[in-house]
Amino acid sequence: MCGIVGYVGAQSALDVVMAGLRRLEYRGYDSAGVAVLADGGLATAKRAGKLVNLEKELGEHPLPAGTTGIGHTRWATHGGPTDANAHPHLDNAGRVAVVHNGIIENFAVLRAELTERGHALASETDTEVVAHLLAEEFSASADLAEAMRLVCRRLEGAFTLVAVHADEPDVVVGARRNSPLVVGVGEGETFLASDVAAFIAHTREAIELGQDQVVELRRDGVTVTGFDGSPAEVRAYHVDWDASAAEKGGYDYFMLKEIAEQPKAVADTLLGRIDPSGSLTLDEVRIGAAELREVDKVVIVACGTAFHAGLIAKYAIEHWTRIPCEVELASEFRYRDPILDGRSLVIAISQSGETMDTLMALRHAREQGSKVLAICNTNGSTIPRESDAVLYTHAGPEVAVASTKAFLTQLVACYLVALYLGQVRGTKWGDEIRDVIRDLSRISGAVDRVLETMEPVRELARSLAEKNTVLFLGRHVGYPVALEGALKLKELAYMHAEGFAAGELKHGPIALIEQDLPVVVIVPSPRGRSVLHDKIVSNIQEIRARGARTIVIAEEGDETVVPYADHLIRIPATPTLLQPLVSAVPLQVFACELATARGNEVDQPRNLAKSVTVE
Ligand code: M6R
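All values derive from a computational prediction rather than experimental measurement.

1. So, the side chain of serine 381
Phase 1 of the analysis: When you line up the elements, serine 381 lands in the loop between β19 (371–376) and α12 (382–385).
Phase 2 of the analysis: Overall, serine 381 belongs to the buried group, its relative accessible area being 3%.
Phase 3 of the analysis: A polar contact of 2.7 Å, which involves the side chain of serine 381, links it to the backbone oxygen of threonine 378.
Phase 4 of the analysis: Excluding residues that lie within four positions of it along the chain, serine 381 makes contacts with Ser352, Gly353, Glu354 and Cys376.

2. Examining helix α13 (residues 405–425)
Phase 1 of the analysis: A rise of 1.5 Å per residue sets the reference length of α13, with its 21 residues, at 30 Å; its end C-alpha atoms lie 30 Å apart and thus fit the reference within 8%.
Phase 2 of the analysis: Residue glycine 426 follows α13 closely and has a positive phi angle near 75 degrees.

3. Thoughts on the environment of glutamate 466
Phase 1 of the analysis: Tracing the sequence through the fold places glutamate 466 in the loop between α16 (455–463) and β21 (469–474).
Phase 2 of the analysis: Taking the relative accessible area as the measure of exposure, glutamate 466 reaches 73% and is therefore exposed.
Phase 3 of the analysis: Placed 131 residues apart in sequence, glutamate 466 and alanine 597 show a C-alpha to C-alpha distance of 9.1 Å.

4. A short note on the sheet that holds strand β25 (residues 567–571)
Phase 1 of the analysis: The strand order β22-β21-β23-β24-β25 describes an open sheet built from five strands, whose pairing is parallel. Unpaired on one side and paired on the other, β22 (496–501) and β25 mark the two borders of the sheet. Pairwise comparison of adjacent strand axes, ignoring direction, gives a mean angle of 20 degrees for this sheet.
Phase 2 of the analysis: When strand β24 (residues 549–555) meets β25, the two strands line up parallel, connected through five bridges.

5. Some details on the pattern of salt bridges
Phase 1 of the analysis: Under the defined criterion, the tally for this structure stands at 38 salt bridges.
Phase 2 of the analysis: Here aspartate 212 makes a salt bridge to arginine 177, at a shortest N to O gap of 2.7 Å. Linking aspartate 212 in the loop between β11 (205–208) and β12 (213–218) with arginine 177 in strand β8 (residues 172–177), this pair joins segments that are 35 residues apart in sequence.
Phase 3 of the analysis: Under the relative-accessibility criterion, aspartate 212 is labelled partly exposed at 25%.
Phase 4 of the analysis: In this structure, the salt-bridge partner of glutamate 593 is arginine 462, at a minimum N-O distance of 2.7 Å. Placement of the pair is glutamate 593 in helix α19 (residues 580–597) and arginine 462 in helix α16, with a sequence separation of 131 residues.
Phase 5 of the analysis: According to the relative accessible area criterion, arginine 462 is partly exposed, its value standing at 37%.

6. Observations concerning the nonpolar core
Phase 1 of the analysis: Of all hydrophobic cores here, the largest spans 130 residues; its most connected members are Val34, Val298, Ile347, Phe472, Leu489 and Phe590.
Phase 2 of the analysis: The greatest single-element share of this core, amounting to 14 residues, is contributed by α13.
Phase 3 of the analysis: What isoleucine 347 contacts, discounting residues up to four positions off in sequence, is Val298, Val299, Ile300, Val301, Ile317, Leu373, Ile375 and Val417.
Phase 4 of the analysis: Within the second largest apolar cluster, 29 residues are counted, among which are Leu114, Val129, Ala163 and Ala175.

7. Brief notes about the site of the ligand
Phase 1 of the analysis: Taken together, 15 residues surround the ligand, and among them Ser350, Gln351, Ser352, Thr355 and Glu491 come closest.
Phase 2 of the analysis: Between an oxygen atom of the ligand and a main-chain N or O atom of serine 403, the distance comes to 2.8 Å.
Phase 3 of the analysis: Contacts to the ligand include lysine 488, whose side-chain N or O atom sits 3.0 Å from an oxygen atom.
Phase 4 of the analysis: Within the complex, 90% of the 420 Å² of free accessible area of the ligand lies under protein.
Phase 5 of the analysis: Mapped by element, the contributors of at least two residues to the shell around the ligand are α9 (304–321) and α17 (478–493).
Phase 6 of the analysis: Looking at the shell around the ligand residue by residue, the class counts come to five nonpolar, eight polar and two charged.

8. Topic: the UniProt feature "domain: SIS" (unreviewed entry) in the chain
Phase 1 of the analysis: Those residues carrying the UniProt feature "domain: SIS" (unreviewed entry) are residues 288–427 and 460–605 in this numbering.
Phase 2 of the analysis: Along residues 288–427, the helical share is 46% and the strand share 20%, with 17 Å between the first and last C-alpha atoms.

9. Section: the UniProt feature "active site" (unreviewed entry) in the chain
Phase 1 of the analysis: UniProt feature "active site" (unreviewed entry): in the numbering of this structure it lies at Cys2 and Lys610. Despite a sequence span of 609 residues, these residues sit close together in the fold, their greatest C-alpha distance being 9.4 Å.
Phase 2 of the analysis: Ignoring anything within four residues of it in the chain, the contact list for cysteine 2 reads Arg27, Gly28, His72, Thr73, Arg74, Trp75, His100, Asn101 and Ser194.
Phase 3 of the analysis: Assignment of secondary structure puts lysine 610 in the segment after α19.
Phase 4 of the analysis: The class for lysine 610 is buried, based on a relative accessible area of 13%.

10. A short note on α9
Phase 1 of the analysis: Between its first and last C-alpha, α9 extends 25 Å over 18 residues, near the 26 Å set by a 1.5 Å rise per residue.
Phase 2 of the analysis: By the largest-angle criterion, alanine 313 marks the main kink of α9, which is about 25 degrees.
Phase 3 of the analysis: Along α9, 13 of the 18 residues are buried, which leaves the element largely enclosed by surrounding structure.
Phase 4 of the analysis: Backbone geometry just after α9 places arginine 322 at a positive phi near 65 degrees.

11. So, the packing of aromatic side chains
Phase 1 of the analysis: Using the criterion set out here, one finds four aromatic pairs in the structure.
Phase 2 of the analysis: Ring geometry for tyrosine 7 against phenylalanine 191: centres 5.1 Å apart, planes inclined by 50 degrees, an arrangement best described as tilted. Of this pair, tyrosine 7 sits in strand β1 (residues 3–8) while phenylalanine 191 is found in strand β10 (residues 190–193), placing the two residues 184 residues apart along the sequence. Exposure class is identical for tyrosine 7 and phenylalanine 191. Each is buried.
Phase 3 of the analysis: Aromatic pair phenylalanine 191 and phenylalanine 199: ring centres 5.7 Å apart, planes at 35 degrees, arrangement tilted. The burial state of phenylalanine 191 is the same as that of phenylalanine 199; both residues are buried.
Phase 4 of the analysis: Joined through ring pairs, the aromatic side chains of Tyr7, Phe191 and Phe199 make up one cluster.
Phase 5 of the analysis: For lysine 50, the ring lying beneath its charged end belongs to tyrosine 29, and the centroid distance is 4.9 Å.
Phase 6 of the analysis: Arginine 606 extends its terminal NZ or CZ atom over the ring of tyrosine 494, reaching a point 3.9 Å from the ring centre.

12. A look at unusual backbone geometry
Phase 1 of the analysis: The omega angle of the peptide bond from histidine 87 to proline 88 is 5 degrees, so this bond is cis rather than trans.
Phase 2 of the analysis: Here proline 88 shows up in the loop between β4 (68–74) and β5 (89–90).
Phase 3 of the analysis: The phi dihedral of alanine 142 is positive, around 55 degrees, even though this residue is not glycine.
Phase 4 of the analysis: Within the element layout of this structure, alanine 142 appears in the loop between α4 (128–141) and α5 (144–152).
Phase 5 of the analysis: Even without a glycine there, the phi angle at asparagine 178 is positive, about 75 degrees.
Phase 6 of the analysis: Position of asparagine 178 among the secondary structure elements: in the loop between β8 and β9 (182–185).

Cut-offs applied
- Residues numbered from 1 in each chain as written.
- Predicted model: local features only at pLDDT ≥ 70, side-chain atom pairs only at ≥ 80, totals over all residues.
- Heavy atoms only, no water.
- Helix = DSSP H or I, 4+ residues; strand = E, 2+ residues; numbered from the N terminus.
- Buried < 20%, exposed > 50% of the residue type's maximum accessible area, 1.4 Å probe, protein only.
- Polar contact = N/O pair within 3.5 Å; in protein donor to acceptor, adjacent residues only side chain to side chain.
- Contact = heavy atoms within 4.5 Å.
- Expected span 1.5 Å × (residues − 1).
- Pairing = 2+ DSSP bridges.
- Axes fitted to C-alpha atoms, helices over the stretch in contact; angles between N-to-C directions.
- Salt bridge = Lys/Arg side-chain N within 4 Å of Asp/Glu carboxyl O.
- Core = buried A, V, L, I, M, F, W, Y, C linked by side-chain atoms within 4.5 Å.
- Near = heavy atom within 4 Å.
- Areas by Shrake-Rupley, 256 points an atom, 1.4 Å probe, with all protein chains shown as cover.
- Nonpolar A, V, L, I, M, F, W, Y, C, P; charged D, E, K, R; others polar.
- UniProt positions renumbered as here; feature names shortened; annotations may be inferred.
- Bend = angle between axes of the 7 residues up to and from the residue.
- Phe/Tyr/Trp six-rings, centres within 6.5 Å; stacked < 30°, edge-to-face > 60°.
- Lys NZ or Arg CZ within 6 Å of the ring centre and 35° of its normal.

Put into structure tokens, the structure is as follows:
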């Protein structure tokens, strides 16, 4: 939700900031803007719509050259996506510029106070109040960092702010509460951004900012304090991927690249997790084996695709550990007063590590005394920082809004956690764990094989471009895969898509079936719990008898489905619990191709943003 960049150095600030915004556009693309300190003043440009509109504006009306600047790409919350609401926002004198990610909850009160004191506010945003408040505080101290600290103490809500002042020409100041903000430290230049991708082309040395901290950037270094002015401890780290990982690498879309990267992402996430004795390694563990043995309930909280990974994890956790496991949408969790205590283990799954709903759920869980384990793809992000333990997925940067490789690696991480719990609690023997690990290590090759056979799936997707509805059915772990297939189609193809538990169909949804309605059915392995398989084959017959066009995803060699499949998508044989790792892949390809056929923007679907940092 909104991407922010700040730069101080010797290069053209506009060039650095614009390149950074291109890398952050996945975070929001309703409008974009920049501000550069030049010729003793502030020069700004902003435009509604995608970054390309701002680029056009800058082409027609170039800004004067400067070496200090800030930029913003917006996902609108307060005020529509107009030029006036685009960031940066300025004070009345045009001396201070500010960009913001998050929501300032008490902005209405602050706005009324400012208006009373004679300020004229020009936008409908919550952000603009900050520019005016900074101007007031700066007039007293002539110190932007101090002004920022004083202003932040008056703000409520979640906010990342970055500001410049024309009277402090070589300074950028940032503040962080809840929303992400990282510092990049280069040679004679420093950077601030919502995500390291914005400055990875310049430096891989980063500093993680903590909660309620203010950072002052100068060419030769940074100073970090708390909102109260006390010196703050920060963690410096080296980013272990380079700029090429955040490029399209010859693919038309990031999503296609990320789908293709899945075999490697799965293998990387497994790498080095298990020692020869079969013990699992978590990255940062602050939960001991004795505590895990006491756990009497697992609760998984997550959103969207990560929630679907959690739904699948439930089957593995309960089957392998016999601990009851609940899975809950993070956005609902804390509002229903969940029953938690010190014996509950809460698992928070998040690609970005910044999803506000998930963050709030984990904070609620910790307040109740529960331990929280994060499964996360973004090193140093807020969710792992605030958890008791973390298992990082090694998917590399995921840029496309639709999650693909993060989903598969979240599943791998969930299986590892389930095995680990089984190990410490003695519900799984060492040889059983090794068998599952062996099966998991074969998944990367299986996903490769799926990807090699996707042309008929793409052809099918193109042939369905004019359809309005697609349904998805699954049973057992195939049910969350059906939900995930439907989510991908909704967000990318803007089609009515719904996932159902196949057995539930006859309790209502079967009324939706009509002649030629495409229904995708995920069929479990016939070698596993064959009753599951046989039941779903009956479900396929039931919908086909009512006119559905059946698109069947089934294991290689499963001949029982052949007579009932209008279209058959083959996947390699996989143990029942692990099947989602392969069955989800054709659904990603299907949604991506359908979106392309319908002329939609694959990487930046309408109304969405990659990282949802507001509740
Ligand atoms: O970063 P997170 O994993 O916490 O994000 C959760 C969801 O917002 C995310 O999975 C979303 O549903 C994806 N766009 C789905 O493709």
